[in-house]
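Commentary on secondary and tertiary structure
Here is what each chain is made of, one letter per residue.
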Amino acid sequence: MTNLTVEASELTRLYGGREAVSNVSFELKQGEVLGFLGPNGAGKSTTMKMLTGNLAPSAGSVRICGIDMIENPKEAKALIGYLPEMRPLYKEFTVDEYLTIAARLHRVAGKNIKKAVETAKERCGLTHMSKRLIENLSNGYQQRVGIAQAIIHNPMVVILDEPTVGLDPIQIRDIRALIREIGGERSVILSTHILPEVEMVCDHVQIIDKGKLVFNGGIDVLKRQRIGNKLLIGFNQAPTVAELLKIKGLTEAEVADNNMMRVRFAEGVAPHEAIVQAAVKNKWGLYQIAPDQTSLEDVFVQLTYQEIEPEAS
Amino acid sequence: MILNIARKELKSVFASPMGWIILALLMFAFGTYYLNGVNDYFEVMSGAIRPAERSGVTQFVGQNVYGLASFIMLFAVPLLSMRLISEERRNQTLPFLFSAPLSLTEIVLGKFIGLVAFLSILIIYIALMLFTLNIWTDIDFGYILANSLGLFLLVASFSALGLYFSSLTSQPVVAAILSFIALFALMILDRFFAGDPSSTMAKLSLMRHFQSFAGGLIDTADIAYFVLFIITFLTLTIRRLDADRLRG
């Protein structure tokens, strides 16, 4: 399926002359999960507010399943489920009451409301909290109610602003599974600070910094950039750099801490075995050999604090 | 859709004891005045010898109760209207409404109708209470209906103004104080210009337009005034919320 669910073109938002978001364009297809990454104040939430019609863009347009958000806001909003950064919960209501109101306001037909509420509660693990006042729920459960509210009308696009904040690890796992599940048939956009989460959940990643899109691509591109062609090798009797570079395929080597050496190799060769054999032959005392992963944080920092580096080759 | 929002507002008034307490206290006050009115009627009327001094029991008791009601609403409405938008602003729940498939007009009208529906409970109660006089004597139904309509329009106008002030701030208390001051000024405006009956300023007074209803007279000019008053403040509220979306 190649239905475009979200088309944002040249979104710009000015706050008193300062561009909070400038020229952000992207598309999202049905069945994809898009992750929004970026440091604080980069414009993630502002972009999401514009996508959901909570904020009018200064320039550019948003189309949800082909419906323009500015021209037909009601029809477009009916296709969106949105959980803002601050959970919009009416704390004086019980979970059931609140979700019923949410269903009603999102035009779920009268006879389906009960079912929709039950389904949403089940998906978010809230069934045993039905009669509790939202005010008395723990932070994590309140977050779940927020998510339930966003998916109650089974929208085409679910937009979640930092959905896993305040949840315990088990809940986070459940919510991630839920996001994947929704992402299977609908589209999901989520923003987060937790980088591994993006890798686990998203198909596409956008990194936004100072209002500009600095990276937009599949998660595999990011992963490749992250893993690179690098090895971290530990020797008891470390050879010199020159000795090591005699091994075929190695392009670069440097000494790291604790008797470790970091080597880069050319694309398409697997020098691991040659390194082990050379180590045995020359009695370098090999005790460790492992791919050297740049952490996602490093990639993130690279992308947001410098120009995009050419991919390691 | 408008009704769904109104329902939500009503539900949230009754979700806390606040709604019940306000209803109970106000009804107690109206009931007391009603009782006093009935008691005083015989005393006053037995003292009134000339026919011109006499008035019907409906008017005598009605004046008592409706006079109090219009005055008490001046305090009650700001207390109830203050939370309509400013509390949502403070709790950051407005995105919930803004991202639902609703227009701003629907949101504002829904909130307005929700509050007016709550206050209508009181108006209906007062009318029913006065109707019970019919058990002992023939009463003037027209007088009560005119007063009820007048009180309804007055309360709706208060609510529209309160809703607007609630949309201006994120502090419910500030909203309550502002709307109380504004309402009070509008109520007593005609006192200031009492010397000049043709003054335009005096015509703006809410109380002056309520007076004809209080006398049992349904005047389209007064209805038009109240309706325009309500429309003005609801439009201002919608514009204020729209500014939120545009300016952020």
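Computed from a prediction, not measured in an experiment: that's the story for all the values here.

**A look at the overall build of chain A**
In terms of regular secondary structure, chain A is built from eleven helices and 14 strands. Dimensions along the principal axes, computed over C-alpha positions, put chain A at roughly 80 × 45 × 40 Å. Across the 313 residues in chain A, those meeting the buried criterion constitute 40%. Residue pairs at least 24 apart in sequence account for 68% of intrachain contacts in chain A once pairs closer than 6 positions are excluded.

**Some points on the overall build of chain B**
The number of helices and strands found in chain B is eleven helices and zero strands. Along the chain direction, N to C, the helices and strands of chain B fall in the order α-α-α-α-α-α-α-α-α-α-α. Its C-alpha atoms give chain B principal-axis dimensions of about 70 × 45 × 30 Å. Taken over 248 residues, chain B has a buried fraction of 40%. Of the contacts formed within chain B by residues at least 6 apart in sequence, a portion of 79% connects residues at least 24 apart.

**Re the sheet that holds strand S14 (residues 286-291) of chain A**
Hydrogen bonds along the backbone pair up the strands of a sheet, which may run parallel or antiparallel. Residue and element names in this part refer to chain A. Read across the sheet, four strands follow the order S12-S13-S11-S14 without closing on themselves; strand pairing throughout is antiparallel. Strand pairing shows two members of the sheet lacking a second neighbour, strand S12 (250-255) and S14, which therefore form its edges. When the angles between neighbouring strand axes are averaged without regard to direction, this sheet yields 20°. Of the pairings in the sheet, the one linking S12 to strand S13 (residues 260-265) comprises five bridges and is antiparallel in character. Residue pairing across strands places Leu 250 opposite Phe 265, the latter belonging to S13. Against the sheet, helix H10 (residues 272-282) contacts strand S11 (230-235) and S14, and its axis sits at roughly 170° relative to S14.

**Some details on the interface of chain A and chain B**
Size of an interface, as often reported, equals the accessible area lost when the parts are brought together. Opposite the 23 residues of chain A that make contact, chain B presents 18 residues. Residue assignment for the side of chain A that touches chain B shows that the elements contributing at least two residues are helix H2 (73-78), strand S6 (80-83) and helix H3 (95-105) of chain A. Of the residues that constitute the side of chain A that touches chain B, the class distribution is 14 nonpolar, four polar and five charged.

**Details of the sheet that holds S6 of chain A**
Residues and elements named next belong to chain A. The six strands lie next to each other as S6-S7-S8-S3-S9-S10, forming an open sheet whose pairing is mixed. The open sheet terminates on both sides in strands that have one partner only, identified here as S6 and strand S10 (212-218). The average undirected angle you get between the axes of adjacent strands in this sheet is 15°. Two elements, strand S7 (residues 157-161) and strand S8 (residues 187-191), share five bridges in a ladder whose sense is parallel. When the sheet's bridge partners are listed, Val 157 is paired in S8 with Ser 187. Of the strands in this sheet, strand S3 (33-37), S7, S8 and strand S9 (204-209) are in contact with helix H1 (residues 44-51), which crosses S7 at around 150°. Packed on one face of the sheet, helix H5 (residues 139-151) meets S6 and S7 and runs near 165° to S6.

**What about the domain arrangement of chain A?**
Domains assigned within chain A are domain 1 (4-224) and domain 2 (229-293). Taking the mean C-alpha position of each, domain 1 of chain A and domain 2 of chain A sit 46 Å from one another.

**Section: the nonpolar core**
A general feature of soluble globular proteins is that nonpolar side chains tend to end up buried together. Of all hydrophobic cores here, the largest spans 137 residues; its most connected members are Tyr 98 of chain A together with Val 155 and Ala 160 of chain B. Once residues lying within four places of it in the same chain are set aside, the contact partners of Tyr 98 of chain A are Leu 89, Tyr 90, Phe 93, Ile 134 and Val 145 of chain A. Formed by nine residues, the second largest nonpolar core is a distinct cluster that contains Leu 244, Met 261, Val 263 and Phe 265 of chain A.

**Examining unusual backbone geometry**
Located in the positive-phi region is Cys 65 of chain A, a residue other than glycine, with phi close to 50°. Inspection of the secondary structure assignment puts Cys 65 of chain A in the loop between strand S4 (59-64) and strand S5 (67-68).

Criteria and cut-off values
Residues numbered from 1 in each chain as written. Chains lettered and ligands numbered in written order. Predicted model: local features only at pLDDT ≥ 70, side-chain atom pairs only at ≥ 80, totals over all residues. Helix = DSSP H or I, 4+ residues; strand = E, 2+ residues; numbered from the N terminus. Buried ≥ 20, exposed ≤ 12 C-beta atoms within 10 Å, placed from the backbone. Contact = placed C-beta atoms within 7 Å. Pairing = 2+ DSSP bridges. Axes fitted to C-alpha atoms, helices over the stretch in contact; angles between N-to-C directions. Nonpolar A, V, L, I, M, F, W, Y, C, P; charged D, E, K, R; others polar. Domains from an automatic or database assignment. Core = buried A, V, L, I, M, F, W, Y, C linked by C-beta atoms within 7 Å.

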